[in-house]
Each structure stands twice: as C-alpha cells, then as structure tokens.
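Listed below, chain by chain, are the residues.
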Amino acid sequence: MSSVLADLCRYPIVQAPMAGGASGPQLAAAVSEAGGLGFLAAGYKTADGMYEEIKQVRGLTGLPFGVNLFMPQPDNADPAAVEVYSHQLAGEATWYETPLGDVQGSSDDGYEAKLAVLLDDPVPVVSFTFGCPSRDVLDAFDRAGTFTIVTVTSAEEAQAAQWCGADAVCVQGIEAGGHQGTHRDDPQADGTGIGVLSLITQVRETVQLPVVAAGGLMRGSQIAAVLAAGADAAQLGTAFLVCPESGANRLHKQALTNPLFVRTDLTRAFSGRPARGLVNRFMREHGPYAPAAYPQVHHLTSGLRKAAAGVGDAQGMALWAGQGHRLARELPAGQLVEVLVSELDAARTALADGGAP
C-alpha cells in the first residue's frame, strides 16, 4: 500500500460504501476494527442522518473510517421519457398497492450540506461517486486533514481527479455491483465499461495517484491479483453484503447465493443510471425501457422497491450485486477480513514460489 493508505488501515482491504442501508455504522466499525477500512454510505441520507451515523461509528471504534458522497447530477433528463416510463410502471403500483414516487425529488443528495458537516467535523477519509469535486472542495478537505478518493471508471476520469487534487482514485471495473460511478451518464456507453484488471493498468500508466481497485472481488486471491496489477488496495462490496453487520434486506442477502438468480446485468430499471444487480422479474420487464434519468427514476421506483421488500418479493427489489456474488460467505465482518487476509497471504506465497495462487 501507499504510505498514506497504510496509515489508514493495517490491511489493503476497503469495505465499499453501499448506499441504501447496507453500509451502516456496525459494518464500517467492524471492518475498521479488523484492520480494513470501513465506509459509511451517505447517499440517500440527509446531512443530519449522515452525521448521526458518523457519531455512531466513532462510538464503536477509534480507528479510521470513510464516508462516501454522491456528486450532484445535472438535470438533463427528458421529462417526456420519464412520464412514459411512469405509465409503464402503473401496473407495478397497482400490484404493490403503492403510488409511484415524486420525480421532482432532490437531485443533489444534500451535497453542500454534507460537505459543510464533513469540513466542520472532519473524518479520516471522504470518497466521491458520480463525478469529481472541484479543486476548491478537495483543497478544503486537504486543509482539514481528510484523505480524499474519487471513484473513476476510465483513465480520463482518473486524470480529472488528479488534476483537481484528489489523494487517490477508486478504479471501478464493470464487474462491480451497484451503480457504475461514471462521471458522465452517457446512454451510448452502456455496457462498454472496462474490466478492473485492464483498468488498473490504464490508470497506473496515466496518473500518479494511489489506486484502490473495485469490481467483483470476493476472495483473497483476487485481492492478490489486483495488487499484482498495480493497485494499492482492494475494495469489496458484495463480499460484505451478507455479513450480519450489513444493513441489507434479508431477501437481498439470501438472493446472492440463491440458485434462482443465476446472473447479474447492468440496468437502468430502478434508478435511471446503470447499476449491476441480480437479474429478476422487474429488471427483465422494465430494464429495456428505462430512460437515462437519474435520480428521477430512483425517486419514481423508491416506493415500489420498499413495497416489494415489505411483502417478501425479491422479484421487485433492486438486488445490487457484483459478478462474484455466488462466492459470498455469511461470516461476521471481522472474521471475513481475517479470512481474506489469510487467503491473500497464501496467494502471495504461492506466487513467490512460482505456483498458482
């Protein structure tokens, strides 16, 4: 690991911030206590809600942890396309007996208010998804002593992050579960993302920043592979999703290893932005018709997803998952970190001895 990352965590293992309830204080603290770097997901929370969770983490551990923010999104959705999609979802609203959400909800996710909280009472690490903050913002965090990470999906985005003053980049391969962290939502680029190993190399040859690699990583041998490719640390999300400390819905956790769900795919069906999840009925029926309209579609389907979870219907939920989901292990977060470290050490020894990891 780079010297700065080594100061933040004993092992090169970062728990991905998973918005929607999975990455809460218990999970973040458990990972940090075990020697990794735990993360809170501030996405879809108010600034006050985020701060309450920060205080909870501080009450559970004195070790470093991070907070992830969503960048504000441009309001360039086609209202007519969103209206058409809302008509298509009318049957879902009837089936789940719940109204569709208000598409006029916030598009900035309380970004400025969250910045104010994090600059007033700094945390060790802040990361950003769906774009890159301005140089002024990153400079302000630097003065506050906060280490900053920007999620990137291309070498060009990594260059932008370096130019603006980020301390590191999280290189997200197309294998990753949940939303693709692209800086610009271009429908023409759907499905054209790059695998994490190739992306690490491209970013390494483009910028001089520490690299955290993300995308389908579930085993210590895979962590060894991304470190060998040039990453300083590995970020895992789906691997931690099934831990008892995860706040993910029980149905979501069970679906990851349920043979009924055989594959993942990228879809705009639930949020209007490309995100990887387990293919279920909702994704199959609505994914081909969902417009590029984030967060409007997210607001539109929010009630449907909650209602589906409420009646125990995984076929109507957003089951975010990376490509390695079938490798999920239901272990306490601290124990999972220990197992991953043991696997990483074994893989490194095998590679040093000239064998297969």
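The coordinates are above.
So, a few notes on the structure that sits alongside this text. Fair warning: this is a prediction, and the values are worked out from it, not measured in the lab. (Residues numbered from 1 in each chain as written. Predicted model: local features only at pLDDT ≥ 70, side-chain atom pairs only at ≥ 80, totals over all residues. Heavy atoms only, no water.)

**Remarks on the overall build of the protein chain**
Stated precisely, the cut-off is as follows: Secondary structure elements follow DSSP: runs of H or I of four or more residues count as helices, runs of E of two or more count as strands, with numbering from the N terminus. Each radius of gyration reported is based on C-alpha atoms, and the globular scaling rule is 2.2 Å times the count of residues to the power 0.38. Think of it in three bands: with a 1.4 Å probe and only protein chains considered, a residue is buried below 20% of the maximum accessible area for its type, exposed above 50%, and partly exposed in between.
For the protein chain, the count of helices and strands is 15 helices and eleven strands. The C-alpha atoms of the protein chain give 19 Å as radius of gyration, which agrees with the globular expectation for 357 residues (21 Å, within 12%). Principal axes of the C-alpha set define a box for the protein chain whose edges measure 60 × 45 × 40 Å. Residue burial in the protein chain is summarised as follows: out of 357 residues, 57% are buried.

**A word on helix 14 (residues 296-310)**
In an α-helix there are 3.6 residues to a turn, and that puts residues three or four apart on one side. Note the following rule: Expected helix span is taken as 1.5 Å per residue step, with the number of steps being one fewer than the number of residues. For a residue, the bend is simply the angle between two axes, fitted respectively to the seven-residue segment ending there and the seven-residue segment starting there.
Taking 1.5 Å of rise per residue, 15 residues should cover 21 Å, and helix 14 covers 22 Å from first to last C-alpha, within 8% of that figure. The largest bend along helix 14 reaches roughly 40° and is located at serine 302. With eleven of its 15 residues buried, helix 14 lies for the most part within the structure. What helix 14 keeps buried is the set Gln296, Val297, His298, His299, Leu300, Thr301, Ser302, Leu304, Arg305, Ala307 and Ala308.

**Quick look at the pattern of salt bridges**
The condition is simple: One side-chain nitrogen of Lys or Arg within 4 Å of one carboxyl oxygen of Asp or Glu is enough to make a salt bridge.
The tally for this structure, following the rule as stated, stands at twelve salt bridges. Here aspartate 186 makes a salt bridge to arginine 184, at a shortest N to O gap of 3.7 Å.

**Describing unusual backbone geometry**
For the peptide bond that leads from tyrosine 294 to proline 295, omega is 10°, which places it in the cis range. Within the secondary structure layout, proline 295 lies in the loop between helix 13 (281-286) and helix 14. Although it is not a glycine, tyrosine 44 adopts a positive phi angle of roughly 70°. Structurally, tyrosine 44 can be placed in the loop between strand 2 (38-41) and helix 3 (47-60). Its relative accessible area of 32% is what places tyrosine 44 among the partly exposed residues. Even without being a glycine, glutamate 97 presents a positive backbone phi close to 55°. In this fold, glutamate 97 is placed in the loop between helix 5 (90-95) and helix 6 (111-120).

**Description of the sheet that holds strand 11 (residues 275-278)**
Which entries qualify depends on this criterion: Strands are labelled as partners when DSSP assigns at least two bridges between them.
Within the open sheet, the three strands sit side by side as 7-11-10. Their pairing is antiparallel. This sheet does not close on itself; its edge strands, each paired only once, are strand 7 (178-179) and strand 10 (264-267). Two strands pair when backbone bridges link them, and strand 7 and strand 11 are joined in this way by two bridges, in the antiparallel orientation. Across the sheet, the residue bridging to histidine 179 is alanine 275, located in strand 11.

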